[in-house]
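For reference, the chains in residue letters:
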Amino acid sequence: MNLYEFQAKELIGRFGIDIPRGRVAGSADDAERLARRMAFPRFAIKAQIHGGGRGIAGGVRFASSPDDARIVAGELLAKPLVTSQTKPSGERVRWVYVEEAFDIAQEIYAAVVVDRARGDLELLVSAAGGVDIEERAAADPRVIARFPVDVTMSPPESDFIGAAHAVGLTGGIAQKAAEVFANMARVATGLDATLVEINPLAITTDGRMIALDAKLSIDPNALFRHPALAALRAQIQMDEGDPKELAADRHQINYQKMDGRIGVVVNGAGLALATNDMLIDAGGKPANFMDIRTTASSLDIAYGVGVILENPATQVVLINIHGGGMQRCDTVAEGVAVALRRARRQVPLVVCFAGNNADFARTRLKGAGVSFIDARDMSDAVSHVMSIVAKAAA
Ligand code: GDP
Ligand code: MN
(Lines give C-alpha, C1' and ligand atoms only; values in the text may rest on other atoms or scores of the structure.)
(Ligands and ions follow the chains in the order given, each with its own letter.)
Protein backbone atom coordinates (compact mmCIF):
# COMPACT_ATOMS: atom_id res chain seq x y z
CA MET A 1 0.00 0.00 0.00
CA ASN A 2 1.61 3.24 -1.19
CA LEU A 3 0.84 6.36 0.79
CA TYR A 4 0.68 9.89 -0.48
CA GLU A 5 3.68 12.11 0.22
CA PHE A 6 1.75 14.18 2.77
CA GLN A 7 0.75 11.05 4.68
CA ALA A 8 4.28 9.63 4.53
CA LYS A 9 5.74 12.90 5.81
CA GLU A 10 3.37 13.10 8.73
CA LEU A 11 4.23 9.53 9.72
CA ILE A 12 8.03 9.87 9.46
CA GLY A 13 7.73 13.17 11.32
CA ARG A 14 6.35 11.23 14.30
CA PHE A 15 9.57 9.22 14.31
CA GLY A 16 11.66 12.36 14.81
CA ILE A 17 12.62 13.06 11.20
CA ASP A 18 12.59 16.77 10.35
CA ILE A 19 9.96 17.59 7.70
CA PRO A 20 8.80 20.90 6.21
CA ARG A 21 5.64 22.33 7.75
CA GLY A 22 2.77 22.00 5.32
CA ARG A 23 -0.92 21.34 4.74
CA VAL A 24 -2.85 19.44 2.11
CA ALA A 25 -5.32 21.33 -0.09
CA GLY A 26 -8.10 20.04 -2.32
CA SER A 27 -8.77 23.27 -4.22
CA ALA A 28 -7.03 26.47 -5.31
CA ASP A 29 -9.06 28.38 -2.69
CA ASP A 30 -7.85 26.03 0.02
CA ALA A 31 -4.25 26.39 -1.13
CA GLU A 32 -4.43 30.17 -0.93
CA ARG A 33 -6.11 30.14 2.48
CA LEU A 34 -3.56 27.70 3.90
CA ALA A 35 -0.64 29.62 2.40
CA ARG A 36 -1.96 32.82 3.94
CA ARG A 37 -2.22 31.17 7.33
CA MET A 38 1.24 29.54 7.17
CA ALA A 39 2.82 32.77 5.87
CA PHE A 40 6.14 31.38 4.61
CA PRO A 41 8.29 33.55 2.33
CA ARG A 42 8.17 30.81 -0.33
CA PHE A 43 6.02 27.75 -0.80
CA ALA A 44 6.55 24.43 -2.54
CA ILE A 45 3.24 23.31 -4.10
CA LYS A 46 3.32 19.60 -4.84
CA ALA A 47 0.88 17.38 -6.74
CA GLN A 48 -0.10 14.40 -4.59
CA ILE A 49 -0.12 11.26 -6.71
CA HIS A 50 1.10 7.77 -5.96
CA GLY A 51 3.73 7.69 -8.69
CA GLY A 52 7.06 9.50 -8.38
CA GLY A 53 8.91 11.46 -11.04
CA ARG A 54 6.83 14.54 -10.34
CA GLY A 55 9.76 16.95 -10.32
CA ILE A 56 10.70 16.31 -13.94
CA ALA A 57 7.05 16.25 -15.04
CA GLY A 58 6.16 19.66 -13.58
CA GLY A 59 4.30 18.32 -10.55
CA VAL A 60 6.48 20.22 -8.05
CA ARG A 61 6.11 23.97 -8.31
CA PHE A 62 6.98 27.00 -6.23
CA ALA A 63 5.05 30.07 -5.17
CA SER A 64 6.20 33.24 -3.48
CA SER A 65 2.82 34.49 -2.25
CA PRO A 66 -0.60 33.11 -1.29
CA ASP A 67 -2.03 34.53 -4.53
CA ASP A 68 0.68 32.71 -6.43
CA ALA A 69 -0.09 29.54 -4.47
CA ARG A 70 -3.71 29.75 -5.63
CA ILE A 71 -2.69 30.00 -9.30
CA VAL A 72 -0.12 27.19 -9.13
CA ALA A 73 -2.44 24.89 -7.13
CA GLY A 74 -5.26 25.53 -9.62
CA GLU A 75 -2.99 24.54 -12.50
CA LEU A 76 -1.83 21.35 -10.77
CA LEU A 77 -5.38 20.31 -9.84
CA ALA A 78 -6.77 21.01 -13.31
CA LYS A 79 -5.36 18.02 -15.17
CA PRO A 80 -3.94 14.52 -14.67
CA LEU A 81 -0.20 14.44 -14.07
CA VAL A 82 1.77 12.21 -16.43
CA THR A 83 5.18 11.10 -15.14
CA SER A 84 7.59 8.29 -16.01
CA GLN A 85 5.99 6.31 -13.16
CA THR A 86 2.27 6.79 -13.90
CA LYS A 87 0.17 5.13 -16.57
CA PRO A 88 0.32 6.93 -19.95
CA SER A 89 -2.92 8.82 -19.30
CA GLY A 90 -1.49 10.04 -15.98
CA GLU A 91 -2.94 10.17 -12.49
CA ARG A 92 -5.67 12.53 -11.40
CA VAL A 93 -4.43 15.15 -8.91
CA ARG A 94 -6.99 15.33 -6.10
CA TRP A 95 -4.72 17.02 -3.60
CA VAL A 96 -1.79 19.38 -3.57
CA TYR A 97 0.57 19.72 -0.66
CA VAL A 98 1.44 23.30 0.27
CA GLU A 99 4.61 23.48 2.33
CA GLU A 100 7.52 25.69 3.26
CA ALA A 101 10.18 25.82 0.51
CA PHE A 102 13.87 25.61 1.38
CA ASP A 103 17.14 26.60 -0.25
CA ILE A 104 19.01 23.39 -0.87
CA ALA A 105 22.78 22.98 -0.61
CA GLN A 106 22.85 19.20 -1.18
CA GLU A 107 20.33 16.47 -1.99
CA ILE A 108 20.96 13.05 -0.45
CA TYR A 109 19.11 9.90 -1.40
CA ALA A 110 18.18 7.51 1.41
CA ALA A 111 15.91 4.48 1.49
CA VAL A 112 15.25 1.57 3.82
CA VAL A 113 13.93 -1.40 1.88
CA VAL A 114 13.28 -5.08 2.52
CA ASP A 115 16.18 -7.17 1.28
CA ARG A 116 14.25 -10.29 0.27
CA ALA A 117 17.35 -12.40 -0.23
CA ARG A 118 18.52 -11.90 3.35
CA GLY A 119 15.07 -11.56 4.85
CA ASP A 120 16.11 -8.36 6.53
CA LEU A 121 16.23 -4.62 5.97
CA GLU A 122 18.76 -2.73 3.94
CA LEU A 123 19.72 0.94 3.88
CA LEU A 124 20.46 2.50 0.49
CA VAL A 125 22.21 5.87 0.36
CA SER A 126 23.66 8.17 -2.25
CA ALA A 127 25.46 11.49 -2.03
CA ALA A 128 23.72 12.70 -5.16
CA GLY A 129 19.97 12.40 -4.63
CA GLY A 130 17.30 14.27 -6.51
CA VAL A 131 15.00 13.78 -9.44
CA ASP A 132 17.27 11.70 -11.67
CA ILE A 133 18.59 9.15 -9.14
CA GLU A 134 16.72 6.22 -10.75
CA GLU A 135 18.34 6.90 -14.13
CA ARG A 136 21.81 7.37 -12.72
CA ALA A 137 21.57 4.28 -10.53
CA ALA A 138 20.40 2.22 -13.50
CA ALA A 139 23.41 3.41 -15.51
CA ASP A 140 25.86 2.83 -12.65
CA PRO A 141 24.81 0.83 -9.56
CA ARG A 142 27.82 2.19 -7.61
CA VAL A 143 25.95 5.50 -7.32
CA ILE A 144 24.08 3.88 -4.41
CA ALA A 145 25.83 2.37 -1.36
CA ARG A 146 24.09 -0.45 0.49
CA PHE A 147 24.21 -1.29 4.19
CA PRO A 148 22.53 -4.21 5.95
CA VAL A 149 20.18 -3.29 8.80
CA ASP A 150 19.29 -5.72 11.56
CA VAL A 151 15.55 -5.50 12.27
CA THR A 152 15.74 -7.62 15.40
CA MET A 153 17.57 -4.89 17.26
CA SER A 154 16.64 -1.30 17.80
CA PRO A 155 19.68 -0.11 15.86
CA PRO A 156 21.92 2.40 17.62
CA GLU A 157 22.86 5.53 15.68
CA SER A 158 26.50 4.52 15.67
CA ASP A 159 25.60 1.71 13.26
CA PHE A 160 24.64 4.30 10.70
CA ILE A 161 27.55 6.68 10.93
CA GLY A 162 29.38 4.57 8.33
CA ALA A 163 26.52 5.21 5.89
CA ALA A 164 26.73 8.94 6.62
CA HIS A 165 30.47 8.88 5.89
CA ALA A 166 29.79 6.91 2.69
CA VAL A 167 27.81 9.85 1.33
CA GLY A 168 30.72 12.14 2.11
CA LEU A 169 29.37 13.74 5.29
CA THR A 170 31.55 14.46 8.33
CA GLY A 171 31.17 16.00 11.77
CA GLY A 172 27.85 17.28 13.05
CA ILE A 173 25.96 16.88 9.79
CA ALA A 174 27.11 13.24 9.53
CA GLN A 175 25.71 12.73 13.02
CA LYS A 176 22.38 14.22 11.91
CA ALA A 177 22.29 11.98 8.85
CA ALA A 178 23.01 8.90 10.98
CA GLU A 179 20.08 9.83 13.22
CA VAL A 180 17.80 10.18 10.19
CA PHE A 181 18.91 6.79 8.83
CA ALA A 182 18.31 5.14 12.23
CA ASN A 183 14.88 6.74 12.44
CA MET A 184 14.06 5.50 8.94
CA ALA A 185 14.85 1.96 10.11
CA ARG A 186 12.53 2.55 13.09
CA VAL A 187 9.79 3.67 10.69
CA ALA A 188 10.26 0.46 8.68
CA THR A 189 9.95 -1.83 11.70
CA GLY A 190 7.41 0.30 13.58
CA LEU A 191 4.98 0.65 10.67
CA ASP A 192 5.73 -2.62 8.84
CA ALA A 193 6.90 -0.58 5.87
CA THR A 194 8.45 -2.35 2.89
CA LEU A 195 9.85 0.96 1.61
CA VAL A 196 10.84 4.13 3.44
CA GLU A 197 12.39 6.49 0.93
CA ILE A 198 13.54 10.07 1.42
CA ASN A 199 14.65 11.77 -1.78
CA PRO A 200 15.77 14.39 -1.43
CA LEU A 201 16.99 14.32 2.13
CA ALA A 202 18.10 17.91 1.82
CA ILE A 203 20.88 19.74 3.55
CA THR A 204 19.69 23.33 3.47
CA THR A 205 21.94 26.34 2.99
CA ASP A 206 21.49 27.09 6.70
CA GLY A 207 22.67 23.61 7.72
CA ARG A 208 19.38 21.86 8.49
CA MET A 209 18.68 18.34 7.35
CA ILE A 210 15.09 18.01 6.13
CA ALA A 211 13.10 15.31 4.34
CA LEU A 212 11.76 17.27 1.36
CA ASP A 213 10.09 14.24 -0.17
CA ALA A 214 9.02 10.94 1.38
CA LYS A 215 7.65 7.68 0.04
CA LEU A 216 6.21 5.03 2.28
CA SER A 217 4.84 1.60 1.33
CA ILE A 218 3.15 -0.41 4.05
CA ASP A 219 2.91 -4.20 3.92
CA PRO A 220 -0.85 -4.74 3.43
CA ASN A 221 -0.66 -8.05 5.33
CA ALA A 222 0.39 -6.17 8.46
CA LEU A 223 -2.45 -3.63 8.40
CA PHE A 224 -4.32 -5.46 11.15
CA ARG A 225 -1.60 -4.20 13.47
CA HIS A 226 -2.12 -0.59 12.37
CA PRO A 227 -5.81 0.35 12.44
CA ALA A 228 -5.08 3.99 11.60
CA LEU A 229 -3.19 2.97 8.46
CA ALA A 230 -5.94 0.51 7.53
CA ALA A 231 -8.32 3.48 7.53
CA LEU A 232 -5.97 5.28 5.13
CA ARG A 233 -6.17 2.28 2.86
CA ALA A 234 -9.93 2.59 2.66
CA GLN A 235 -9.45 6.22 1.59
CA ILE A 236 -6.83 5.34 -1.01
CA GLN A 237 -9.03 2.57 -2.42
CA MET A 238 -11.93 4.99 -2.69
CA ASP A 239 -9.74 7.44 -4.58
CA GLU A 240 -8.27 4.87 -6.92
CA GLY A 241 -10.26 1.67 -7.05
CA ASP A 242 -13.12 0.53 -9.23
CA PRO A 243 -16.32 1.02 -7.19
CA LYS A 244 -17.78 -2.35 -8.29
CA GLU A 245 -14.61 -4.22 -7.30
CA LEU A 246 -14.52 -2.47 -3.93
CA ALA A 247 -18.18 -3.21 -3.24
CA ALA A 248 -17.58 -6.86 -4.19
CA ASP A 249 -14.68 -6.93 -1.74
CA ARG A 250 -17.01 -5.78 1.04
CA HIS A 251 -19.29 -8.66 0.00
CA GLN A 252 -16.48 -11.20 0.48
CA ILE A 253 -15.94 -11.60 -3.26
CA ASN A 254 -12.80 -10.98 -5.32
CA TYR A 255 -14.18 -9.57 -8.54
CA GLN A 256 -12.29 -8.24 -11.50
CA LYS A 257 -13.98 -7.07 -14.66
CA MET A 258 -12.60 -8.39 -17.96
CA ASP A 259 -13.59 -7.59 -21.52
CA GLY A 260 -15.30 -10.80 -22.66
CA ARG A 261 -18.94 -11.92 -22.75
CA ILE A 262 -18.96 -14.99 -20.49
CA GLY A 263 -19.85 -14.22 -16.88
CA VAL A 264 -18.19 -16.60 -14.42
CA VAL A 265 -19.29 -17.34 -10.86
CA VAL A 266 -16.70 -19.46 -9.08
CA ASN A 267 -15.60 -20.15 -5.51
CA GLY A 268 -11.86 -20.23 -4.85
CA ALA A 269 -9.16 -18.32 -6.71
CA GLY A 270 -7.52 -21.47 -8.10
CA LEU A 271 -10.77 -22.87 -9.45
CA ALA A 272 -11.58 -19.42 -10.87
CA LEU A 273 -8.28 -19.29 -12.74
CA ALA A 274 -8.73 -22.85 -14.02
CA THR A 275 -12.26 -22.01 -15.20
CA ASN A 276 -11.12 -18.90 -17.06
CA ASP A 277 -8.19 -20.86 -18.56
CA MET A 278 -10.52 -23.57 -19.84
CA LEU A 279 -12.85 -20.99 -21.38
CA ILE A 280 -9.96 -19.21 -23.08
CA ASP A 281 -8.50 -22.52 -24.32
CA ALA A 282 -11.91 -23.27 -25.88
CA GLY A 283 -11.83 -19.89 -27.65
CA GLY A 284 -14.11 -18.11 -25.16
CA LYS A 285 -13.64 -14.76 -23.44
CA PRO A 286 -14.55 -14.37 -19.75
CA ALA A 287 -16.38 -11.18 -18.79
CA ASN A 288 -14.82 -11.29 -15.34
CA PHE A 289 -12.79 -13.10 -12.74
CA MET A 290 -14.74 -14.05 -9.64
CA ASP A 291 -13.65 -15.79 -6.47
CA ILE A 292 -16.40 -16.15 -3.86
CA ARG A 293 -14.69 -16.43 -0.48
CA THR A 294 -15.79 -19.02 2.06
CA THR A 295 -17.07 -16.18 4.24
CA ALA A 296 -19.63 -14.92 1.67
CA SER A 297 -23.30 -15.31 2.62
CA SER A 298 -26.01 -16.06 0.05
CA LEU A 299 -26.86 -12.34 -0.06
CA ASP A 300 -23.21 -11.46 -0.69
CA ILE A 301 -23.24 -13.96 -3.55
CA ALA A 302 -26.48 -12.43 -4.86
CA TYR A 303 -24.66 -9.09 -5.02
CA GLY A 304 -21.76 -10.61 -7.00
CA VAL A 305 -24.00 -12.42 -9.46
CA GLY A 306 -25.99 -9.18 -9.82
CA VAL A 307 -22.85 -7.31 -10.90
CA ILE A 308 -22.29 -9.92 -13.62
CA LEU A 309 -25.91 -9.75 -14.83
CA GLU A 310 -25.81 -5.94 -14.92
CA ASN A 311 -22.84 -6.00 -17.28
CA PRO A 312 -24.47 -5.50 -20.70
CA ALA A 313 -21.69 -7.51 -22.36
CA THR A 314 -22.67 -10.70 -20.48
CA GLN A 315 -24.23 -13.23 -22.89
CA VAL A 316 -24.13 -16.32 -20.73
CA VAL A 317 -23.21 -17.09 -17.14
CA LEU A 318 -21.16 -20.10 -16.08
CA ILE A 319 -21.58 -21.09 -12.45
CA ASN A 320 -18.78 -23.44 -11.45
CA ILE A 321 -18.86 -24.25 -7.75
CA HIS A 322 -17.00 -26.83 -5.78
CA GLY A 323 -18.84 -27.01 -2.46
CA GLY A 324 -16.56 -27.29 0.55
CA GLY A 325 -17.00 -27.49 4.29
CA MET A 326 -17.71 -23.79 4.72
CA GLN A 327 -19.02 -22.63 1.35
CA ARG A 328 -21.61 -25.20 0.30
CA CYS A 329 -23.22 -25.40 -3.15
CA ASP A 330 -26.72 -24.64 -1.83
CA THR A 331 -25.63 -21.29 -0.37
CA VAL A 332 -24.44 -20.29 -3.83
CA ALA A 333 -27.66 -21.61 -5.42
CA GLU A 334 -29.68 -19.46 -3.04
CA GLY A 335 -27.60 -16.39 -3.92
CA VAL A 336 -27.99 -17.04 -7.66
CA ALA A 337 -31.76 -17.40 -7.28
CA VAL A 338 -31.99 -14.06 -5.42
CA ALA A 339 -29.87 -12.31 -8.05
CA LEU A 340 -32.02 -13.65 -10.91
CA ARG A 341 -35.19 -12.54 -9.17
CA ARG A 342 -33.75 -9.03 -8.85
CA ALA A 343 -32.23 -8.87 -12.34
CA ARG A 344 -33.84 -6.85 -15.07
CA ARG A 345 -32.77 -9.30 -17.76
CA GLN A 346 -32.24 -13.04 -18.11
CA VAL A 347 -29.28 -14.76 -19.72
CA PRO A 348 -28.68 -18.48 -20.27
CA LEU A 349 -27.15 -20.20 -17.24
CA VAL A 350 -24.78 -23.16 -17.29
CA VAL A 351 -24.30 -24.70 -13.88
CA CYS A 352 -21.68 -27.12 -12.63
CA PHE A 353 -22.11 -28.02 -8.97
CA ALA A 354 -19.76 -30.51 -7.34
CA GLY A 355 -18.84 -31.35 -3.76
CA ASN A 356 -20.77 -30.47 -0.63
CA ASN A 357 -24.57 -30.25 -1.13
CA ALA A 358 -24.35 -30.30 -4.95
CA ASP A 359 -27.63 -32.22 -5.37
CA PHE A 360 -29.43 -30.08 -2.85
CA ALA A 361 -28.21 -26.95 -4.70
CA ARG A 362 -29.69 -28.18 -8.00
CA THR A 363 -32.98 -28.90 -6.22
CA ARG A 364 -33.03 -25.43 -4.71
CA LEU A 365 -32.37 -23.73 -8.05
CA LYS A 366 -35.18 -25.70 -9.69
CA GLY A 367 -37.45 -25.00 -6.73
CA ALA A 368 -36.80 -21.28 -7.20
CA GLY A 369 -37.99 -21.57 -10.80
CA VAL A 370 -34.56 -20.98 -12.33
CA SER A 371 -33.98 -22.64 -15.69
CA PHE A 372 -30.40 -23.74 -16.29
CA ILE A 373 -28.25 -26.23 -18.12
CA ASP A 374 -27.00 -28.81 -15.63
CA ALA A 375 -23.45 -29.70 -16.68
CA ARG A 376 -21.83 -33.03 -15.74
CA ASP A 377 -18.40 -31.58 -15.16
CA MET A 378 -16.22 -28.60 -16.04
CA SER A 379 -15.46 -29.65 -19.64
CA ASP A 380 -19.14 -30.35 -20.25
CA ALA A 381 -19.97 -26.92 -18.80
CA VAL A 382 -17.41 -25.17 -21.01
CA SER A 383 -18.71 -26.86 -24.16
CA HIS A 384 -22.30 -25.84 -23.31
CA VAL A 385 -21.13 -22.28 -22.77
CA MET A 386 -19.25 -22.27 -26.07
CA SER A 387 -22.24 -23.51 -28.04
CA ILE A 388 -24.40 -20.76 -26.52
CA VAL A 389 -21.76 -18.19 -27.48
CA ALA A 390 -21.57 -19.62 -30.99
CA LYS A 391 -25.37 -19.43 -31.37
CA ALA A 392 -25.41 -15.85 -30.17
CA ALA A 393 -22.72 -14.93 -32.73
CA ALA A 394 -24.58 -16.63 -35.60
P1 GDP B 1 9.54 13.61 -7.12
O2 GDP B 1 10.18 14.12 -8.40
O3 GDP B 1 8.17 13.05 -7.39
O4 GDP B 1 10.41 12.68 -6.38
O5 GDP B 1 9.27 14.91 -6.22
P6 GDP B 1 10.16 15.62 -5.07
O7 GDP B 1 9.29 15.94 -3.95
O8 GDP B 1 11.37 14.83 -4.78
O9 GDP B 1 10.58 16.98 -5.73
C10 GDP B 1 11.42 17.03 -6.87
C11 GDP B 1 12.52 18.03 -6.67
O12 GDP B 1 12.00 19.29 -6.37
C13 GDP B 1 13.45 17.72 -5.53
O14 GDP B 1 14.45 16.80 -5.87
C15 GDP B 1 14.03 19.08 -5.22
O16 GDP B 1 15.14 19.33 -6.09
C17 GDP B 1 12.92 20.01 -5.58
N18 GDP B 1 12.28 20.48 -4.35
C19 GDP B 1 11.29 19.91 -3.62
N20 GDP B 1 11.00 20.67 -2.55
C21 GDP B 1 11.83 21.73 -2.57
C22 GDP B 1 12.06 22.88 -1.76
O23 GDP B 1 11.43 23.09 -0.72
N24 GDP B 1 13.01 23.76 -2.16
C25 GDP B 1 13.72 23.58 -3.29
N26 GDP B 1 14.64 24.48 -3.64
N27 GDP B 1 13.57 22.52 -4.07
C28 GDP B 1 12.64 21.60 -3.74
MN1 MN C 1 11.51 12.70 -4.71
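Placed above this text is the structure.
Only a predicted model underlies this, so the values are computations on that prediction, with no experimental measurement involved.

Undergrad: What am I meant to see in the sheet that holds strand 12 (residues 262-266) here?
TA: Sheet strands line up and pair through hydrogen bonds in the backbone, either parallel or antiparallel. Overall, parallel pairing links the four strands, which are arranged 12-14-15-16 in an open sheet. Sheet topology places strand 12 and strand 16 (373-374) at the edges, where each strand pairs with a single neighbour. Taken together, the seven bridges between strand 14 (residues 316-323) and strand 15 (residues 349-355) define a ladder with parallel strand orientation. Within strand 15, the position partnered with I319 by the bridge is V351. Contacting strand 12 and strand 14, helix 10 (residues 269-281) runs over the sheet at an angle of about 155° to strand 12.

Undergrad: Could you clarify how one ought to interpret the sheet that holds strand 1 (residues 22-25) in this entry?
TA: Reading across from one edge, 1-4-2-3 is the order of the four strands in this open sheet, with antiparallel pairing throughout. A strand with exactly one partner marks an edge of an open sheet, and here the two such strands are strand 1 and strand 3 (60-63). For this sheet the average axis-to-axis angle between neighbouring strands, irrespective of direction, equals 25°. Taken together, the four bridges between strand 2 (residues 43-48) and strand 3 define a ladder with antiparallel strand orientation. Paired with F43 across the bridge in strand 3 is A63. Along the sheet face, helix 2 (residues 28-38) touches strand 1, strand 2 and strand 4 (95-100) and points at about 165° away from the line of strand 1. Of the strands in this sheet, strand 2, strand 3 and strand 4 touch helix 4 (residues 66-78), which is tilted by about 15° from strand 2.

Undergrad: Just to check I follow, could you spell out the coordination of the manganese ion (ligand 2) for this structure?
TA: Octahedral metals with six donors have ideal donor angles of 90 or 180 degrees. Tetrahedral metals with four donors have an ideal donor angle of 109.5 degrees. Taken together, the protein ligands of the manganese ion (ligand 2) are N199 (O) and D213 (OD), with distances of 2.2 Å. Separated by 14 residues along the polypeptide, N199 in strand 8 (residues 193-204) and D213 in the loop between strand 9 (209-211) and strand 10 (214-218) bring together distant segments of the chain. N199 sits in the buried class, given a relative accessible area of 9%.

Undergrad: Just to check I follow, could you spell out the environment of A63 for this structure?
TA: Within the secondary structure layout, A63 lies in strand 3. The exposure class assigned to A63 is buried, which follows from its relative accessible area of 2%. Spatially, the C-alpha atom of A63 lies 7.1 Å from that of I45, the residues being 18 residues apart in sequence. If near-sequence neighbours (up to four positions away) are discounted, A63 is found in contact with R42, F43, I45, D68 and A69.

Undergrad: Which parts of the structure should I look at to understand the pairing of strand 15?
TA: The side chains of a regular strand alternate, residue by residue, between the two faces of the sheet. Along strand 15, five of the seven residues are buried, which leaves the element largely enclosed by surrounding structure. At this point the chain moves from strand 14, through helix 12 (residues 329-342), to the parallel strand 15, and the crossover so formed is right-handed. The pairing of strand 15 with strand 16 spans two bridges and is parallel. Bridge pairing in strand 16 places V350 opposite I373. Once you follow strand 15 into helix 13 (residues 358-367) and on to strand 16, the crossover reads as right-handed.

Undergrad: Can you walk me through the packing of helix 12 against helix 13 in this structure?
TA: When two helices pack together, their arrangement is given by the angle between their axes and by how far apart the axes lie. Across the interface, helix 12 lies against helix 13 with an axial gap of 7 Å and an inter-helix angle of 20°. By the angle between their directions, the pair helix 12 and helix 13 is classed as roughly parallel. Where helix 12 crosses over helix 13, the two elements pack in a sense that is right-handed. Across the interface between the two elements, C329, D330, A333, E334, V336 and A337 from helix 12 touch A358, F360, A361, R364 and L365 from helix 13.

Undergrad: Please clarify how the pattern of salt bridges should be interpreted in this entry.
TA: Think of it this way: side chains of opposite charge can pair up when their charged atoms draw near. Following the criterion strictly, the structure yields 29 salt bridges and no others. Residue R54 pairs with E5 through a salt bridge whose shortest N-O separation is 2.8 Å. Of this pair, R54 sits in helix 3 (residues 54-57) while E5 is found in helix 1 (residues 5-14), placing the two residues 49 residues apart along the sequence. With respect to burial, R54 and E5 carry one shared label: buried. Taken together, the shared-partner salt bridges in this structure form one network comprising E5, K9, K46, R54, E99 and D213.

Each value, and the rule that gives it
- Residues numbered from 1 in each chain as written.
- Chains lettered and ligands numbered in written order.
- Predicted model: local features only at pLDDT ≥ 70, side-chain atom pairs only at ≥ 80, totals over all residues.
- Heavy atoms only, no water.
- Pairing = 2+ DSSP bridges.
- Helix = DSSP H or I, 4+ residues; strand = E, 2+ residues; numbered from the N terminus.
- Contact = heavy atoms within 4.5 Å.
- Axes fitted to C-alpha atoms, helices over the stretch in contact; angles between N-to-C directions.
- Donors = N, O, S within 2.8 Å, 3.2 Å for Na, K, Ca; no water.
- Buried < 20%, exposed > 50% of the residue type's maximum accessible area, 1.4 Å probe, protein only.
- Right-handed = clockwise from strand over helix to strand, strands pointing away.
- Parallel < 35°, antiparallel > 145°, perpendicular 65-115°, else oblique.
- Left-handed = near helix turned anticlockwise from the far one by under 90°.
- Salt bridge = Lys/Arg side-chain N within 4 Å of Asp/Glu carboxyl O.

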